[in-house]
Amino acid sequence: MGLRGLSRREVLALGGAASLGLVVGACGGSGRTAVPIEATGPVVAETEQRRRRSGAPVRDVAIGAGLVAHDLGSLTAQTWAYNGAVPSGEIRVKAGEVLRARLTNNLPEPTTIHWHGIALRNDMDGVPDLTQPVVPPGGTYDYEFVVPDPGTYWFHPHSGLHLDRGLYAPLIVDDPAEPGGYDREYTLVLDDWTDGLGQAPEAAFDDLKAGRGAHAAHIAAAKAGGEAGPTSELLESAGGDVTYPLYLVNGRRPSAPPVFDARPGERLRLRIVNAGADTPFRVAVGGHQMTVTHTDGFPVEPVIVDALMVAMAERYDVVVTVSGSGAFPVVAVAEAKAAQAMAVIRSGPGDLPPSNAQPAELSRRVLQMADLRAAEGVRLDGKRPDRRHKVELGGGEDGYVWTINGRAMGDKPLEIRQGERVRLTFTNKTTMFHPMHLHGHTFQVVQESGGAGPRKDTTIVRPDQTVTIDFDADNPGQWMLHCHNLYHQMGGMMTTLSYVADRSGR
Ligand code: C2O
Ligand code: CU
């Protein structure tokens, strides 16, 4: 049996660099022989050379992944984190600079870092066995790449269930040319927390596979045609599959919230990152509206809302004008999970808001995808798609196996060629929503009206919904396409978007 007959799980099991680039089939639709453009090959290196400005500054950072005792707020959890903190300190670079990061793995398991949302060179993307060998315990790995686009990004491991521990941090890319329009900024990283308190992530995953717990009850109830537990009207599904003891903003539980200082009348830019594994958050600021300015790093035509939904791995940047003197809750409700995380904007004296504060804004005008339009400078031109792929999301029942186009673990890559305008059409045959993420590219959502939606790298697909996205194939290599519910991803909802070329290299 050739490698083409192996499932991705089997290829992954082969492990190590030996399987790099071999996960992709070798036959193009036209009958010509097409080969995958490998992460470690010359095409990827040449693309990076063209991207790199001569004299571009290089930012060096050291990232140690290791075990820590993390203080959630008068409560300590043993967990895994980068540089001893949850989240670890944010990395800031300017667009066009080179980030050089040395990962040292002090964890008991192999790991990697994925730079979520960055259109970087494929061999620095951090996917074990697809773009790099894993970094063993005690090992180091040097990442080095141009950071092309400004915006709010983040990084996390791409191994096992590591992301559901404390391994995550923001990566903020400043735009030297940006006009600003705000006085100060704060980053809010949201998370669902169980490690060291409740079940370990691996035990939670075992329960899901064995049909124990809330997800199984939900499926059984839906089959019986009954009420299927708490659901979200906005997501038309449950909020998630895992029960978490706590929800956090910047590593803190709501009874010990992070406090952001401000002055009355100041405009605050809040960069909101959902680092949760299984939880979408509905975010609102008590007594304030928010002007949405960016999603997944890219600017949108500003929209004023009372609340917004941030699915796993999505980012939203909003501007809030501090309405007066006081202590205002920034609440992140774990959607359909009856719990929340909180931060506080403090512009004057007064008690902290209670940790269960529920501002009325949460149920007023919530941002909808149809409200969003890419800002003019980042909108794709009106080119017609050269290549279309259907992406059908399925599974989630027996054995907790989740599929893309009927297959788990992505053993049938979606082939594309450099220079194409590519259209992916997602359909969702499951009872859960899925935040679908494409590595290495920022696509444009096609509005249901047909108009140009926002540029994003992660977008929600609700049950029975069809979502269409377009992007330019301008970053060759092997790129993952997966659900950013970590448990769905590990259950199989992942595949590869594979650039192929004729043997000649074209
Ligand atoms: Cu944050 Cu493969 O993704
Ligand atoms: Cu999913």
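The structure this text deals with has already been given above.
Overview of the structure.

Rules of the game
- Residues numbered from 1 in each chain as written.
- Chains lettered and ligands numbered in written order.
- Predicted model: local features only at pLDDT ≥ 70, side-chain atom pairs only at ≥ 80, totals over all residues.
- Heavy atoms only, no water.
- Pairing = 2+ DSSP bridges.
- Helix = DSSP H or I, 4+ residues; strand = E, 2+ residues; numbered from the N terminus.
- Axes fitted to C-alpha atoms, helices over the stretch in contact; angles between N-to-C directions.
- Donors = N, O, S within 2.8 Å, 3.2 Å for Na, K, Ca; no water.
- Buried < 20%, exposed > 50% of the residue type's maximum accessible area, 1.4 Å probe, protein only.

**Let's talk about the sheet that holds strand β16 (residues 298-305)**
Paired through their backbone hydrogen bonds, the strands of a sheet run either parallel or antiparallel.
Then comes step 1: Judged by pairing direction, the sheet is mixed, and its 6 strands sit side by side in the order β11-β10-β13-β18-β15-β16 without closing on themselves. Edge positions in the sheet fall to β11 (246-249) and β16, since each has one partner strand and no second. Across the sheet, the mean angle from the axis of one strand to that of its neighbour is 25 degrees, orientation sign disregarded.
Then comes step 2: Bridge analysis of strand β15 (residues 290-295) against β16 gives 5 bridges, and the strand direction is antiparallel. Paired with T291 across the two strands is I304, which belongs to β16.

**Observations regarding the coordination of the copper ion (ligand 2)**
Then comes step 1: Protein coordination of the copper ion (ligand 2) is provided by H434 (ND1), C483 (SG) and H488 (ND1), with donor distances spanning 2.0 Å.
Then comes step 2: Sequence spacing of the donors to the copper ion (ligand 2): H-x48-C-x4-H. One end of the pair, H434, is in strand β25 (residues 434-438); the other, H488, is in helix α5 (residues 486-490), and 54 residues separate them in sequence.
Then comes step 3: A relative accessible area of 0% means that H434 is categorised as buried.
Then comes step 4: Judged by relative accessible area, which is 0%, H488 ranks as buried.

**Quick notes on the pairing of strand β18 (residues 315-321)**
Then comes step 1: The element β18 is extensively covered by neighbouring structure, given that 6 of its 7 residues are classed as buried.
Then comes step 2: Inspection of the sheet shows strand β13 (residues 267-274) paired to β18 by 7 bridges, in the antiparallel sense. Bridge pairing links L268 to V320 in β18.
Then comes step 3: Pairing between β15 and β18: 4 bridges, direction antiparallel. When the sheet's bridge partners are listed, T291 is paired in β18 with V319.

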